[in-house]
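# Close look at the chain arrangement
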Amino acid sequence: MNNNELFLDKYRELENLIKHRKGQEYRGNSPVYSYVQELYRSPHLKDQLRGEKLDSIRELRNQMAHKNVDGILNISIEAIEFLDKEIQNIQNPLSAFDICVKLKDIHYATLKSNLNKVMDTMLSYGYSHIPVLDDNKMLIGVFSENTIFSIYKEEKNILNKENLSLNDIYDYLKINNHQTECFTFVNEKYFVNDIIKRFQKRKENNKRLTVIFVTKDGTQDSTLMGMITPYDALIK
């Protein structure tokens, strides 16, 4: 089999893989063309460049399919290797667990944690969110910059008290009680492209999605495995 034949075989393999991806619709366009547009819409420059290259390959394949180019056109090994990589990308897409900050690397707190020490940690390390976990490492709340503003607005005098623990402000930590931000959960195999789409969605109820938490079953009632911020998704 020469390079031209191998190229056409690889292209057909990629096309079939794209066509049978779960939850995809193509509305009359070719699967590869739709995939190219998907890459162009990505916020990642490297994905956009992949889309540009794949679009050129798509046009080249169309020329080969409709015109006799034998003896005129010889496909390079680089083009075949590019198709191989795209096939791998479809067969083994990045998952939530691949890009999340793992539990062992997360600075988390408990309800027994001292409030001032938690705030000092946020300032020292530049953290915007610190998960609050129970004894089973399940998420029971989030301490964030939003939490501080909410407390100051509602009962600022409490911040002047000494030796406060997070338990003293627990109502402000609950994930549904944050005034301007929201959180959600996904399982470890959730596709990264779908995570990016969730971060890109418009605000719901005037709240922006700031952290996605990863658990085994994608619910709050499971041990925390990791967390993803918009920054984590953008540098995938």
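Figured I'd write up the structure that's included with this text. Bear in mind the structure is a predicted one, so any value in this text is a computation, not a measurement. (Residues numbered from 1 in each chain as written. Predicted model: local features only at pLDDT ≥ 70, side-chain atom pairs only at ≥ 80, totals over all residues. Heavy atoms only, no water.)

### Section: the sheet that holds strand 5 (residues 208-215)
Backbone hydrogen bonds hold the strands of a sheet together, and the pairing may be parallel or antiparallel. With mixed pairing, four strands are arranged side by side in an open sheet as 1-6-5-4. Every other strand in the sheet has two partners, leaving strand 1 (101-102) and strand 4 (181-187) as the edge strands with one partner each. Bridge analysis of strand 5 against strand 6 (residues 224-228) gives four bridges, and the strand direction is antiparallel. Each residue of the ladder has a partner; that of I212, found in strand 6, is I228. (Pairing = 2+ DSSP bridges. Helix = DSSP H or I, 4+ residues; strand = E, 2+ residues; numbered from the N terminus.)

### A look at the pairing of strand 4
Within strand 4, five of the seven residues are buried, which leaves the element mostly enclosed by the surrounding structure. Taken together, the seven bridges between strand 4 and strand 5 define a ladder with parallel strand orientation. In the sheet register, V186 faces strand 5, and the bridge partner there is V214. (Buried < 20%, exposed > 50% of the residue type's maximum accessible area, 1.4 Å probe, protein only.)

### A few points about the environment of G51
Locating G51 in the fold gives a position in helix 3 (residues 45-66). Of the residues examined, G51 reaches a relative accessible area of 0% and is grouped as buried. Taking the C-alpha atoms as reference, G51 lies 28 Å from N187; in sequence the two are 136 residues apart. Setting aside its immediate chain neighbours within four residues, G51 contacts V36, L39 and Y40. (Contact = heavy atoms within 4.5 Å.)

### Focus: the side chain of R58
Its location among the elements puts R58 in helix 3. With residues up to four places along the chain from it excluded, the contact list for R58 reads Y11, S30, V32 and Y33.

### Some thoughts on the packing of helix 2 (residues 31-40) against helix 3
Running from amino to carboxyl end, helix 2 crosses helix 3 at an angle of 155°, the nearest separation of the two axes being 7 Å. Here helix 3 runs roughly antiparallel to helix 2, going by the angle between their axes. Remark: the crossing between helix 2 and helix 3 carries left-handed chirality. In contact with V32, Y33, Y35, V36, L39 and Y40 of helix 2, helix 3 contributes D47, Q48, R50, G51, E52, L54, D55 and R58. Here the residues of the contact of helix 2 with helix 3 are counted per class, giving seven nonpolar, two polar and five charged. (Axes fitted to C-alpha atoms, helices over the stretch in contact; angles between N-to-C directions. Parallel < 35°, antiparallel > 145°, perpendicular 65-115°, else oblique. Left-handed = near helix turned anticlockwise from the far one by under 90°. Nonpolar A, V, L, I, M, F, W, Y, C, P; charged D, E, K, R; others polar.)

### A look at the environment of K85
With respect to the helices, strands and loops of the structure, K85 is situated in helix 4 (residues 77-91). Remark: the alpha-carbon pair of K85 and L14, spanning 71 residues in sequence, is separated by 9.9 Å.

### Remarks on unusual backbone geometry
The phi dihedral of K137 is positive, around 60°, even though this residue is not glycine. Relative to the helices and strands, K137 is located in the loop between strand 2 (129-133) and strand 3 (139-144).

### Focus: the packing of helix 3 against helix 4
Axis separation between helix 3 and helix 4 bottoms out at 11 Å; the angle between their running directions is 120°. Regarding the angle of helix 3 to helix 4, the classification is oblique. Judged by the sense of rotation from one axis to the other, the crossing of helix 3 with helix 4 is left-handed. Residue-level contacts link R50, K53, L54 and I57 of helix 3 to A79, F82, L83, E86 and N89 of helix 4. Along the lines of polarity and charge, the residues of the contact of helix 3 with helix 4 split into five nonpolar, one polar and three charged.

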